[in-house]
Amino acid sequence: MDEAIAHLRADETLGPCIDEHGPLSLDAAENTFERLVVSLLRQQVSTDAAAAIRERLFDAVEVTPEGVLDADPETLRDAGLSEAKTEYVRGVAEAYQREGYDHLYFEGMTDEAVLDELTAIRGVGPWTGKMFLMFALGRPDVFPVEDLGIRRGMEHVFEEDLTRGEMCDYAGEWAPYRSYASLYLWRAYEG
C-alpha cells in the first residue's frame, strides 16, 4: 500500500487528494459470493437504497449460494430485489455452485480473464465485474470508469469535463495502482 500511495502522491492532480484523505486501503473480501451479491444489489440504485435492500436480504436468507437457491424467489423480491435482480442473484449462486468460485479459483487469472468469466453470467456487467475485482479479490489495478462516482471524482479532481476515454487515458498514468486511485476519486466526489 505504501508503494501505491507514493506512486499516486507523485501525480500533481491526484496528490492533493491523497494528502487530504490520508492512506486508504484495499483488502480482499473474506466471502467473494457475498461481495458479488452486494455489487449486484448496488447496480443502478442509490447507495441508501442498496444498503436497505442489503440489510433486508441478509436478514431474510442465508447469503450463500445454497441459501439463495433454497429461498423462495418471492422472499428475495420481498427483501427488495426486482424480478431481474432476483434472477441475477440466483444465476450467480448457480455459477458459484457449478464452478466452485472462491479466492483460489480466481487466484491465477488475469483481471481480464476474471471479467470474461463473470460477465458471462446474466446480470453481471463490466461495472459489477470491476467491483468484484477490487472489493472481492483486492486487485490493485482496476479503473471502473463505468461508475458515476469515479467520473464525478475525475471531474472534481481535474476541474473539467472529461470523456470516458480521456479519463481512461489519464488513469493509465496511475497504473499499476488504479484501484487505489479509484478509492481517492470516490472520496473526492463524496467530499
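Residues numbered from 1 in each chain as written. Predicted model: local features only at pLDDT ≥ 70, side-chain atom pairs only at ≥ 80, totals over all residues. Heavy atoms only, no water.

1. Considering the overall build of the protein chain
Note the cut-off: The secondary structure listing takes helices from DSSP runs of H or I that are at least 4 residues long and strands from runs of E that are at least 2 residues long, numbered from the N terminus. Two things to know: the radius of gyration comes from C-alpha atoms, and the globule rule equals 2.2 Å times the number of residues to the power 0.38. Under the scheme applied here, a residue whose accessible area is under 20% of the maximum for its type counts as buried, over 50% as exposed, and between as partly exposed, the area being computed with a 1.4 Å probe on protein chains only.
Along the protein chain, the regular secondary structure elements total 13 helices and zero strands. Ordered by position from the N terminus, the helices and strands of the protein chain form the series α-α-α-α-α-α-α-α-α-α-α-α-α. For 191 residues, the compact-globule estimate of 2.2 N^0.38 gives 16 Å, and the protein chain sits close to it at 17 Å. If one aligns the C-alpha atoms of the protein chain with their principal axes, the spans along those axes are about 55 × 35 × 30 Å. Within the protein chain, the proportion of its 191 residues that are buried is 49%.

2. Here's the deal with the pattern of salt bridges
Note the cut-off: Here, a salt bridge means any Lys or Arg side-chain nitrogen found within 4 Å of an Asp or Glu carboxyl oxygen.
Under the defined criterion, the tally for this structure stands at eight salt bridges. Between Glu74 and Arg77 there is a salt bridge, with its nearest N and O atoms 3.0 Å apart. Placement of the pair is Glu74 and Arg77 together in helix α6 (residues 73-78), with a separation of three residues, close to one helical turn. A residue is classified by how much of its surface remains accessible, and Arg77, at 30% relative accessible area, is partly exposed.

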